[in-house]
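Coordinate analysis (summary)
Below are the chains, spelled out letter by letter.
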Amino acid sequence: MKTKPFVVGVLFLASLALATTTAWAGKRPNPYRGKSVYKATCKLCHVEGGEAKNLAPLSKTQAQWKRLFDNAKKIGACVERVEKKCGTKLSEEDLRNISFFLISHAADSDQPETCGE
Ligand code: HEC
């Protein structure tokens, strides 16, 4: 069988290409997606006059957001609150997107944002 090494080679390259594209898709956070998830979940409580204090990207600096998202306990508590409130189970990817959105529009970022208020 002469064709076998060729077929194996092609399959190997194909799986390698697939693995790299999925790895990339998983690694690159999407701040637009983050913003919409943030508005649909976090903003249910974190608004002026809401259950929790108003939170917008510019409420904190980039370092403060990073610290909060590194603090699994604090964010985990709100992930549970979100699930109780609206039944949405946020994934790791959702959280990564949300944190990327918040950090890239933090008070000391190039484009501080109030999140449409
Ligand atoms: C069901 C209501 C609710 C939802 C939904 C919710 N939170 Fe909270 N969150 C709270 C409460 C209550 C506290 C604690 C009291 C406070 O800080 O006002 C809190 C505290 C926090 C804090 C700490 C505030 C600080 O300055 O130390 C952060 C950060 C936070 N939430 C982020 C989020 C994020 C991000 C989401 C969306 C993924 C979210 N929350 C969704 C109710 C909620």
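Let me begin by describing the structure that accompanies this report. Keep in mind it's a predicted model, so treat the numbers as computed, not measured. (Residues numbered from 1 in each chain as written. Predicted model: local features only at pLDDT ≥ 70, side-chain atom pairs only at ≥ 80, totals over all residues. Heavy atoms only, no water.)

Put simply, the largest pocket is a space of about 530 Å³. The wall of the largest pocket is formed by 27 residues, among which His46, Leu55, Lys74, Ile75 and Cys78 lie closest to the centre. When residues of the lining of the largest pocket are traced back to their parent elements, those giving at least two are α3 (62–70), α4 (72–86) and α5 (92–104). Looking at which element gives the most residues to the lining of the largest pocket, the answer is α4, with nine residues. Residue composition of the lining of the largest pocket, grouped by class: 18 nonpolar, two polar and seven charged. For the lining of the second largest pocket, the elements supplying multiple residues, two or more each, are α4 and α5. (1 Å grid on protein atoms, 1.4 Å probe; cavity = no way out; pocket = protein on both sides within 12 Å on 5 of 7 lines; lining within 4 Å. Points joined across faces, edges and corners; volume = space filled by probe spheres on them. Helix = DSSP H or I, 4+ residues; strand = E, 2+ residues; numbered from the N terminus. Nonpolar A, V, L, I, M, F, W, Y, C, P; charged D, E, K, R; others polar.)

With that settled, consider helix α2 (residues 31–40). Among the residues making up α2, those that are buried are Pro31, Gly34, Val37 and Tyr38. Looking down the long axis of α2, one finds its buried residues gathered within 120° of arc, a one-sided arrangement. Where α2 is buried, its residues meet α5. (Buried < 20%, exposed > 50% of the residue type's maximum accessible area, 1.4 Å probe, protein only. Arc of directions from axis to C-beta. Contact = heavy atoms within 4.5 Å.)

Attention now moves to the site of the ligand. Taken together, 16 residues surround the ligand, and among them Cys42, Cys45, His46, Lys60 and Cys78 come closest. Contact between the ligand and lysine 53: an oxygen atom at 2.9 Å from a side-chain N or O atom of the residue. Separating a nitrogen atom of the ligand from a side-chain N or O atom of arginine 81 is a distance of 3.4 Å. When atoms are counted within 2 Å of each cavity's grid points, the one that captures over half of the ligand is the largest pocket. Among the elements that take part in the shell around the ligand, α4 stands out by supplying five residues, more than any other. For the shell around the ligand, a count of residues per class yields eight nonpolar, two polar and six charged. (Near = heavy atom within 4 Å. Polar contact = N/O pair within 3.5 Å; in protein donor to acceptor, adjacent residues only side chain to side chain. Sits in = over half its atoms within 2 Å of the grid points.)

With that settled, the discussion passes to the packing of α2 against α5. Running from N to C, α2 and α5 point in directions that differ by 100°, and their axes come no closer than 7 Å. When the interaxial angle is binned, α2 and α5 end up roughly perpendicular. Of the residues in α5, those touching α2 at Pro31, Arg33, Gly34, Lys35, Val37 and Tyr38 are Asp94, Asn97, Ile98, Phe100, Phe101, Leu102 and Ser104. In terms of residue class, the contact of α2 with α5 is built from seven nonpolar, three polar and three charged. (Axes fitted to C-alpha atoms, helices over the stretch in contact; angles between N-to-C directions. Parallel < 35°, antiparallel > 145°, perpendicular 65-115°, else oblique.)

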